[in-house]
Amino acid sequence: MVLQLFTKLITGEAGIYMARLKRLAVLYVIMGLFAIAMLTSLISALSIFLADRYGALETALGFAGVSFLLLIATGIAVVIARRPPRKRADDRLQRDIAAIAGVTALSSAPQLFGLVKKRKGLLLVPVAAAGAWGVWRAISSYRTRGDRWY
């Protein structure tokens, strides 16, 4: 959108572009108000339905509980959003590294399949690794449970 604004400034059509953006902004605000009215009506209808079915006090307590859970979730989201930019950059870096590793693994898959096609014995390596991992998991879960094997 910024690039479009710069091109419109260069060509002299910035006034038309800004007027269109203002009209769109007004329409989006109106749509938002209608969405809020719709959600209010839906919550009110749900409240009436639940009050008729379960009683007024139970419905009020249920709405209070759900509101409390939403408040806690919003607080957690605020804490996550207020993390230092360096921490967010580290998280982005980790996601980028994981994406690059995935792309690299997929790009080398045809070569690996060709190698396995030539040497069938290489299929035993992942099978042996999976078997060893399964045995290790079984032993470690047996140790954590003590001598209760059931």
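In this text, all values refer to a predicted model and were calculated from it rather than measured experimentally.

1. Remarks on the overall build of the protein
Phase 1: Within the protein, the regular secondary structure consists of six helices and zero strands.
Phase 2: Beginning at the N terminus, the succession of helices and strands in the protein can be written as α-α-α-α-α-α.
Phase 3: In the protein, which comprises 150 residues, the proportion classed as buried is 3%.

2. A closer look at a nonpolar patch on the surface
Phase 1: A grouping of L24, V26, L27, Y28, I30, M31 and F34 is seen on the molecular surface, where their side chains present a nonpolar patch of about 730 Å² in accessible area.
Phase 2: Assignment of secondary structure puts F34 in helix α2 (residues 14-54).

3. A word on the confidence of the model for the protein
Phase 1: Of all residues in the protein, 86% have pLDDT values of 70 or greater, and the mean over the chain is 82.
Phase 2: For the protein, per-element mean pLDDT is lowest for helix α1 (residues 2-11), which scores 66, and highest for helix α3 (residues 56-81), which scores 91.

4. Digging into the side chain of T59
Phase 1: When you line up the elements, T59 lands in helix α3.
Phase 2: A polar side-chain atom of T59 sits 3.1 Å from the main-chain amide nitrogen of A51.
Phase 3: The contacts of T59, once residues within four sequence positions are left out, are S47, L50 and A51.

The rules we used
- Within every chain, residues take consecutive numbers counted from 1 along the sequence as written.
- Local features in this predicted model are restricted to residues whose pLDDT is 70 or higher, and side-chain atom pairs enter the listing and the counts only when it is 80 or higher, whereas totals over whole chains, interfaces and linings include all residues.
- To obtain the side-chain values, all non-hydrogen atoms of the structure were included, while hydrogens and water were left out.
- Each helix is a run of H or I in the DSSP string that is no shorter than four residues. Each strand is a run of E no shorter than two, and both are numbered from the N terminus.
- Think of it in three bands: residues with accessible area under 20% of the maximum for their type are buried, residues over 50% are exposed, and the middle band is partly exposed, with areas taken using a 1.4 Å probe on protein chains only.
- Patch membership is restricted to residues that have no salt bridge and whose relative accessible area is over 30%. Joining uses 9 Å for like charges and 5 Å for the nonpolar side chains Val, Leu, Ile, Met, Phe, Trp and Tyr.
- Each accessible area is a Shrake-Rupley result for a 1.4 Å probe, and residues are judged covered by the shown protein chains and nothing else.
- The salt bridge definition used is simple: a Lys or Arg side-chain nitrogen within 4 Å of an Asp or Glu carboxyl oxygen.
- Predictor confidence is given residue by residue as pLDDT, running from a minimum of 0 to a maximum of 100.
- The definition of a polar contact used here is a pair of N or O atoms within 3.5 Å, where within protein one atom must be able to donate a hydrogen and the other to accept one, and adjacent residues in sequence count solely through side-chain atom pairs.
- Residues are treated as being in contact if the distance between any of their heavy atoms lies within 4.5 Å.

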